[in-house]
Amino acid sequence: MSQNNSTSTITNYISKSAKIGQNVKIWHFAYVGDDTEIGDNVMIGSLSHVDYKVKIGENTRIEGSVYIPPLTTIGKNVFIGPGATFTNDPYPMSPKMSGVIVEEGAIIGSRAVIRPGVRVGEGSVVAMGAVVTKDVPPRMVVMGHPARVKYSRAEYDKKKAEWLASS
């Protein structure tokens, strides 16, 4: 595990009960709570808060200033953009919480907000700034407030390839 501390001061909090995989990079001022499990080759950006009883699959990248609440499950090969916020309490302050599930290969755009109990399907894309209040079907792209399906992941991949090929 690499904590990337540039000074002798501790800049992260990582619970002693957290299980951290191999080659995990946790950047400055990040928090990892009790009983959290982080797979191999995960990157957690600066100022991110990964609360207790969270599960993160291998090869996942979580950018800076992301909030991941208790009971969240994130699959393998997921990307979560800067400032994304997951929630787990539909009626704050309730004693009952419901985690978010992000399936393998999903992309969550910057500043997206995801409601408690939502499942983000395998290979799906949540656009930046989207407010996700319902489950996202696998391999679909959602955007807006509230988020709605706009097109397929295949169309997203085609648009991305065209953009990368342009000068």
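Residues numbered from 1 in each chain as written. Predicted model: local features only at pLDDT ≥ 70, side-chain atom pairs only at ≥ 80, totals over all residues. Heavy atoms only, no water.

## Some remarks on the overall build of the protein
Consideration 1: A tally of helices and strands in the protein yields one helix and 21 strands.
Consideration 2: Taken over C-alpha atoms, the radius of gyration comes to 16 Å for the protein, in line with the 15 Å a tight globule of 167 residues would show.
Consideration 3: Overall, the C-alpha framework of the protein stretches about 45 × 45 × 20 Å when taken along its three principal axes.
Consideration 4: Here the protein, with 167 residues, has 41% of them falling under the buried criterion.
Consideration 5: In the protein, the share of contacts with a sequence separation of at least 24, taken over all contacts with a separation of at least 6, comes to 17%. (Helix = DSSP H or I, 4+ residues; strand = E, 2+ residues; numbered from the N terminus. Rg over C-alpha atoms; globule rule 2.2 N^0.38 Å. Buried < 20%, exposed > 50% of the residue type's maximum accessible area, 1.4 Å probe, protein only. Contact = heavy atoms within 4.5 Å.)

## Things to note about the packing of aromatic side chains
Consideration 1: Summed over all chains, the structure comprises one aromatic pair.
Consideration 2: Where Tyr13 meets Tyr31, the ring centres are 5.1 Å apart and the plane angle is 20°; that geometry is what we call stacked. Taken together, the residues Tyr13 in strand S1 (residues 13–14) and Tyr31 in strand S4 (residues 31–32) connect sequence positions 18 residues apart.
Consideration 3: For Tyr13, a relative accessible area of 41% corresponds to the partly exposed category.
Consideration 4: Residue class for Tyr31 comes out partly exposed when judged on its relative accessible area of 27%. (Phe/Tyr/Trp six-rings, centres within 6.5 Å; stacked < 30°, edge-to-face > 60°.)

## Things to note about the environment of Ala112
Consideration 1: On the secondary structure map, Ala112 appears in the loop between strand S15 (107–108) and strand S16 (113–114).
Consideration 2: Along the sequence, Ala112 and Tyr67 sit 45 residues apart, while their C-alpha atoms lie 11 Å from each other.
Consideration 3: Filtering out sequence-adjacent residues up to four positions away, Ala112 remains in contact with Gly83, Ala84, Thr85, Val126, Ala127, Gly129 and Ala130.

## Regarding the sheet that holds strand S17 (residues 119–120)
Consideration 1: Strand order in the open sheet formed by six strands is S2-S5-S8-S11-S14-S17, with parallel pairing between adjacent strands. The open sheet terminates on both sides in strands that have one partner only, identified here as strand S2 (19–20) and S17. (Pairing = 2+ DSSP bridges.)

## Some words on the pattern of salt bridges
Consideration 1: Counted by the stated rule, this structure contains four salt bridges.
Consideration 2: With its nearest N and O atoms 2.5 Å apart, the salt bridge here joins Glu63 to Arg61.
Consideration 3: On the basis of relative accessible area, Glu63 is assigned to the buried category, the value being 18%.
Consideration 4: Taking the relative accessible area as the measure of exposure, Arg61 reaches 42% and is therefore partly exposed.
Consideration 5: The partner of Glu155 in a salt bridge is Lys159, and the shortest N-O contact between them spans 3.8 Å. Taken together, the residues Glu155 and Lys159, both in helix H1 (residues 153–165) and four residues apart, mark about one turn of the helix.
Consideration 6: Residue Glu155 is classed as partly exposed on the basis of its relative accessible area, which comes to 35%.
Consideration 7: By relative accessible area, which is 39% here, Lys159 ends up partly exposed. (Salt bridge = Lys/Arg side-chain N within 4 Å of Asp/Glu carboxyl O.)

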